[in-house]
Amino acid sequence: MKTSPALVLCVFVTVHLAQAQLQLRVRPSPSDHLPVLDLHEDPDPALEPGEKDLVPRLLRRKLGSSFDPVFSSIGPPTRGNGSEITREDEISLAGPISREFQHLDFSSLKAAPKTERRVRRWLWSYTRCPVLSMWKDLGVRFWPRYVREGQCSTERSCSLPEGMFCKPVQSVSVTLLRWHCQQGSRALKRCAWIRAQYPVISQCACAC
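Reading the values: rules and limits
Residues numbered from 1 in each chain as written. Predicted model: local features only at pLDDT ≥ 70, side-chain atom pairs only at ≥ 80, totals over all residues. Heavy atoms only, no water. Phe/Tyr/Trp six-rings, centres within 6.5 Å; stacked < 30°, edge-to-face > 60°. Helix = DSSP H or I, 4+ residues; strand = E, 2+ residues; numbered from the N terminus. Buried < 20%, exposed > 50% of the residue type's maximum accessible area, 1.4 Å probe, protein only. Lys NZ or Arg CZ within 6 Å of the ring centre and 35° of its normal. pLDDT = per-residue confidence, 0-100. Contact = heavy atoms within 4.5 Å. Pairing = 2+ DSSP bridges. Disulfide = S-S within 2.5 Å.

A. Representation of the packing of aromatic side chains in the model. The final tally for this structure, using the stated rule, is three aromatic pairs. Plain terms: the ring middles of Trp-122 and Tyr-126 are 5.3 Å apart, the flat faces sit at 20 degrees to each other, and that makes the pair stacked. One end of the pair, Trp-122, and the other, Tyr-126, are both in helix α4 (residues 113–127), four residues apart, so they sit about a helical turn from each other. Judged by relative accessible area, which is 34%, Trp-122 ranks as partly exposed. Take Tyr-126: its relative accessible area is 18%, and that puts it in the buried class. Across the ring face of Trp-124, the terminal group of Arg-128 is positioned such that the distance to the ring centre comes to 4.6 Å. Between Arg-156 and the ring centre of Tyr-126, over which it is positioned, the NZ or CZ distance is 4.4 Å.

Now the structure itself:
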(Lines give C-alpha, C1' and ligand atoms only; values in the text may rest on other atoms or scores of the structure.)
Protein backbone atom coordinates (compact mmCIF):
# COMPACT_ATOMS: atom_id res chain seq x y z
CA MET A 1 0.00 0.00 0.00
CA LYS A 2 1.38 3.37 -0.99
CA THR A 3 1.72 5.90 1.85
CA SER A 4 0.37 9.36 1.08
CA PRO A 5 2.66 12.38 1.57
CA ALA A 6 0.02 13.96 3.82
CA LEU A 7 0.06 10.99 6.20
CA VAL A 8 3.86 10.97 6.30
CA LEU A 9 3.84 14.68 7.10
CA CYS A 10 1.25 14.30 9.86
CA VAL A 11 3.06 11.44 11.58
CA PHE A 12 6.42 13.13 11.33
CA VAL A 13 5.19 16.42 12.75
CA THR A 14 3.44 14.74 15.68
CA VAL A 15 6.43 12.61 16.67
CA HIS A 16 9.19 15.15 16.15
CA LEU A 17 7.63 18.49 17.12
CA ALA A 18 8.55 18.09 20.78
CA GLN A 19 12.17 17.56 19.77
CA ALA A 20 12.05 20.53 17.44
CA GLN A 21 10.70 22.83 20.13
CA LEU A 22 13.39 21.65 22.52
CA GLN A 23 16.02 22.50 19.92
CA LEU A 24 14.51 25.96 19.47
CA ARG A 25 14.45 26.62 23.23
CA VAL A 26 11.24 28.62 22.94
CA ARG A 27 10.74 28.96 26.69
CA PRO A 28 11.86 32.46 27.69
CA SER A 29 10.70 34.10 30.89
CA PRO A 30 7.36 35.77 30.05
CA SER A 31 6.18 39.20 31.17
CA ASP A 32 2.53 39.79 32.00
CA HIS A 33 2.84 43.54 32.68
CA LEU A 34 2.40 44.74 29.09
CA PRO A 35 0.70 46.33 27.31
CA VAL A 36 0.26 49.20 29.75
CA LEU A 37 -3.21 49.44 31.26
CA ASP A 38 -5.36 52.48 30.53
CA LEU A 39 -4.60 55.44 32.79
CA HIS A 40 -7.37 56.91 34.92
CA GLU A 41 -6.93 60.67 34.60
CA ASP A 42 -8.43 63.41 36.76
CA PRO A 43 -11.26 64.77 34.56
CA ASP A 44 -10.66 68.35 35.77
CA PRO A 45 -10.11 70.40 32.57
CA ALA A 46 -7.96 72.83 34.57
CA LEU A 47 -5.31 70.11 34.65
CA GLU A 48 -5.09 69.90 30.87
CA PRO A 49 -2.61 71.82 28.70
CA GLY A 50 -3.89 74.92 26.95
CA GLU A 51 -3.51 75.85 23.31
CA LYS A 52 -0.27 77.74 24.00
CA ASP A 53 1.14 74.59 25.61
CA LEU A 54 0.50 72.44 22.53
CA VAL A 55 2.63 74.14 19.89
CA PRO A 56 4.14 71.19 17.93
CA ARG A 57 7.32 73.07 17.02
CA LEU A 58 8.14 73.81 20.67
CA LEU A 59 7.23 70.34 21.87
CA ARG A 60 9.30 68.71 19.15
CA ARG A 61 12.26 70.83 20.21
CA LYS A 62 11.71 69.86 23.85
CA LEU A 63 11.66 66.17 22.95
CA GLY A 64 14.70 66.54 20.71
CA SER A 65 16.31 63.43 19.28
CA SER A 66 14.13 61.24 21.54
CA PHE A 67 11.18 61.71 19.19
CA ASP A 68 10.40 58.30 17.68
CA PRO A 69 8.21 58.43 14.53
CA VAL A 70 8.04 54.63 14.42
CA PHE A 71 6.33 54.14 17.79
CA SER A 72 4.64 57.54 18.19
CA SER A 73 2.54 59.89 16.08
CA ILE A 74 1.59 63.53 16.53
CA GLY A 75 -1.67 63.24 14.57
CA PRO A 76 -4.25 60.45 14.26
CA PRO A 77 -2.59 57.56 12.38
CA THR A 78 -4.37 56.41 9.24
CA ARG A 79 -3.72 53.91 6.47
CA GLY A 80 -3.02 56.84 4.20
CA ASN A 81 0.18 57.76 6.05
CA GLY A 82 1.36 54.17 6.45
CA SER A 83 0.43 53.91 10.13
CA GLU A 84 -2.14 51.18 9.82
CA ILE A 85 -3.18 48.71 12.49
CA THR A 86 -1.59 45.29 12.03
CA ARG A 87 -3.92 42.35 12.58
CA GLU A 88 -2.87 38.73 12.79
CA ASP A 89 -4.54 37.86 9.48
CA GLU A 90 -2.58 40.65 7.76
CA ILE A 91 0.85 39.36 8.76
CA SER A 92 2.60 37.85 5.77
CA LEU A 93 4.01 34.34 5.93
CA ALA A 94 6.25 35.03 2.98
CA GLY A 95 9.96 35.52 3.19
CA PRO A 96 12.77 33.46 4.72
CA ILE A 97 12.11 31.40 7.83
CA SER A 98 14.29 31.86 10.89
CA ARG A 99 17.74 30.28 11.14
CA GLU A 100 16.65 27.92 13.95
CA PHE A 101 14.10 26.24 11.70
CA GLN A 102 16.58 26.02 8.83
CA HIS A 103 18.93 24.00 11.03
CA LEU A 104 16.35 21.45 12.23
CA ASP A 105 17.30 17.87 11.31
CA PHE A 106 14.57 16.29 9.17
CA SER A 107 16.65 13.39 7.86
CA SER A 108 14.34 10.86 9.53
CA LEU A 109 11.48 12.10 7.36
CA LYS A 110 13.15 10.50 4.32
CA ALA A 111 11.13 12.74 2.05
CA ALA A 112 11.85 14.87 -0.96
CA PRO A 113 13.50 18.28 -0.37
CA LYS A 114 10.25 20.00 -1.36
CA THR A 115 8.36 18.13 1.38
CA GLU A 116 11.04 19.05 3.93
CA ARG A 117 10.70 22.72 2.99
CA ARG A 118 6.95 22.51 3.48
CA VAL A 119 7.40 20.92 6.92
CA ARG A 120 9.84 23.62 7.98
CA ARG A 121 7.55 26.42 6.86
CA TRP A 122 4.52 24.79 8.50
CA LEU A 123 6.36 24.45 11.84
CA TRP A 124 7.60 28.03 11.56
CA SER A 125 4.15 29.46 10.80
CA TYR A 126 2.46 27.44 13.57
CA THR A 127 4.89 28.30 16.38
CA ARG A 128 5.81 31.87 15.42
CA CYS A 129 4.57 34.72 17.58
CA PRO A 130 4.53 37.99 15.61
CA VAL A 131 3.90 41.30 17.36
CA LEU A 132 0.46 42.69 16.52
CA SER A 133 0.59 46.49 16.31
CA MET A 134 -2.21 48.82 17.34
CA TRP A 135 -2.25 52.58 17.81
CA LYS A 136 -3.43 53.90 21.18
CA ASP A 137 -4.62 57.44 21.92
CA LEU A 138 -3.14 58.49 25.28
CA GLY A 139 -5.05 61.76 25.39
CA VAL A 140 -4.10 65.41 25.35
CA ARG A 141 -1.86 65.12 28.41
CA PHE A 142 0.74 63.17 26.44
CA TRP A 143 2.77 64.35 23.45
CA PRO A 144 2.89 62.77 20.98
CA ARG A 145 -0.50 61.49 22.09
CA TYR A 146 -0.57 58.43 19.81
CA VAL A 147 1.63 55.41 20.61
CA ARG A 148 2.05 52.21 18.60
CA GLU A 149 1.53 49.43 21.11
CA GLY A 150 2.42 45.79 20.56
CA GLN A 151 0.32 42.80 21.53
CA CYS A 152 0.90 39.05 21.49
CA SER A 153 -1.81 36.88 19.98
CA THR A 154 -3.58 34.55 22.42
CA GLU A 155 -6.19 33.16 20.03
CA ARG A 156 -4.63 29.68 19.99
CA SER A 157 -1.78 27.67 21.44
CA CYS A 158 1.56 28.01 19.64
CA SER A 159 2.82 24.53 20.57
CA LEU A 160 2.12 20.87 19.88
CA PRO A 161 0.87 19.41 22.12
CA GLU A 162 -1.11 22.49 23.12
CA GLY A 163 -0.29 24.36 26.30
CA MET A 164 2.10 27.15 25.37
CA PHE A 165 0.98 30.59 24.22
CA CYS A 166 2.55 33.71 22.77
CA LYS A 167 3.92 35.92 25.54
CA PRO A 168 5.78 39.26 25.55
CA VAL A 169 9.50 38.69 26.09
CA GLN A 170 11.03 42.00 25.06
CA SER A 171 9.99 45.65 25.15
CA VAL A 172 11.29 49.07 24.18
CA SER A 173 10.70 52.38 25.93
CA VAL A 174 9.22 55.26 23.95
CA THR A 175 10.08 58.73 25.25
CA LEU A 176 7.04 61.01 25.48
CA LEU A 177 6.18 64.31 27.09
CA ARG A 178 3.75 64.14 29.99
CA TRP A 179 1.75 67.14 31.17
CA HIS A 180 2.33 67.20 34.95
CA CYS A 181 0.68 69.47 37.48
CA GLN A 182 2.00 69.83 41.00
CA GLN A 183 -0.61 69.21 43.65
CA GLY A 184 -1.88 72.16 45.63
CA SER A 185 -4.54 74.82 45.42
CA ARG A 186 -5.82 75.59 41.93
CA ALA A 187 -4.65 79.20 42.26
CA LEU A 188 -1.08 77.99 42.87
CA LYS A 189 -1.24 75.20 40.28
CA ARG A 190 2.01 74.83 38.38
CA CYS A 191 2.07 72.58 35.33
CA ALA A 192 4.80 71.72 32.86
CA TRP A 193 5.82 69.11 30.32
CA ILE A 194 8.12 66.43 31.72
CA ARG A 195 9.71 63.43 30.00
CA ALA A 196 8.16 60.02 30.56
CA GLN A 197 9.11 56.51 29.43
CA TYR A 198 6.28 54.43 27.93
CA PRO A 199 7.12 50.72 27.45
CA VAL A 200 5.73 48.84 24.45
CA ILE A 201 6.06 45.18 23.44
CA SER A 202 8.66 44.67 20.74
CA GLN A 203 8.96 40.87 20.70
CA CYS A 204 6.70 37.90 21.47
CA ALA A 205 7.68 34.25 21.87
CA CYS A 206 6.02 30.91 22.53
CA ALA A 207 6.20 30.24 26.28
CA CYS A 208 4.42 28.58 29.21
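Let's pick the thread back up.
B. Looking closely at the confidence of the model for the protein chain. Summary statistics for the protein chain give a mean pLDDT of 76 and a share of 70% for residues scoring 70 or more. Confidence over residues 1–31 falls short of pLDDT 50; this stretch has 42 contacts with residues more than four positions distant or in other chains. Throughout residues 80–85 the model reports pLDDT below 50, and contacts reaching past four residues in sequence, or to other chains, amount to 15 contacts.

C. Summary view of the sheet that holds strand β2 (residues 131–137). Pairing is antiparallel across the open sheet formed by three strands, whose spatial order is β1-β4-β2. Strands with a single pairing partner mark the edges of an open sheet, and in this sheet they are β1 (72–73) and β2. Alignment of β1 against strand β4 (residues 146–152), held across two bridges, turns out to be antiparallel. Paired with Ser-73 across the bridge in β4 is Tyr-146.

D. Highlighting the state of the cysteines. Within the structure shown, the criterion is met by four disulfides. Disulfide pairing is shown between Cys-158 and Cys-206; the S-S distance is 2.0 Å. Between Cys-158 and Cys-206, the S-S torsion sits near 95 degrees, and that sign places the bridge as right-handed. Within this pair, whereas Cys-158 is found in the loop between β4 and β5 (165–181), its partner Cys-206 is found in strand β6 (residues 191–207), the two being separated by 48 residues in sequence. With respect to class, Cys-158 is no different from Cys-206; both count as buried. Across a sulfur-sulfur distance of 1.9 Å, Cys-181 and Cys-191 are joined as a disulfide pair. What sets the handedness of the Cys-181 and Cys-191 disulfide is the S-S torsion sign, and at about 110 degrees it is right-handed. Placement of the pair is Cys-181 in strand β5 and Cys-191 in strand β6, with a sequence separation of 10 residues. Taking the relative accessible area as the measure of exposure, Cys-181 reaches 16% and is therefore buried.

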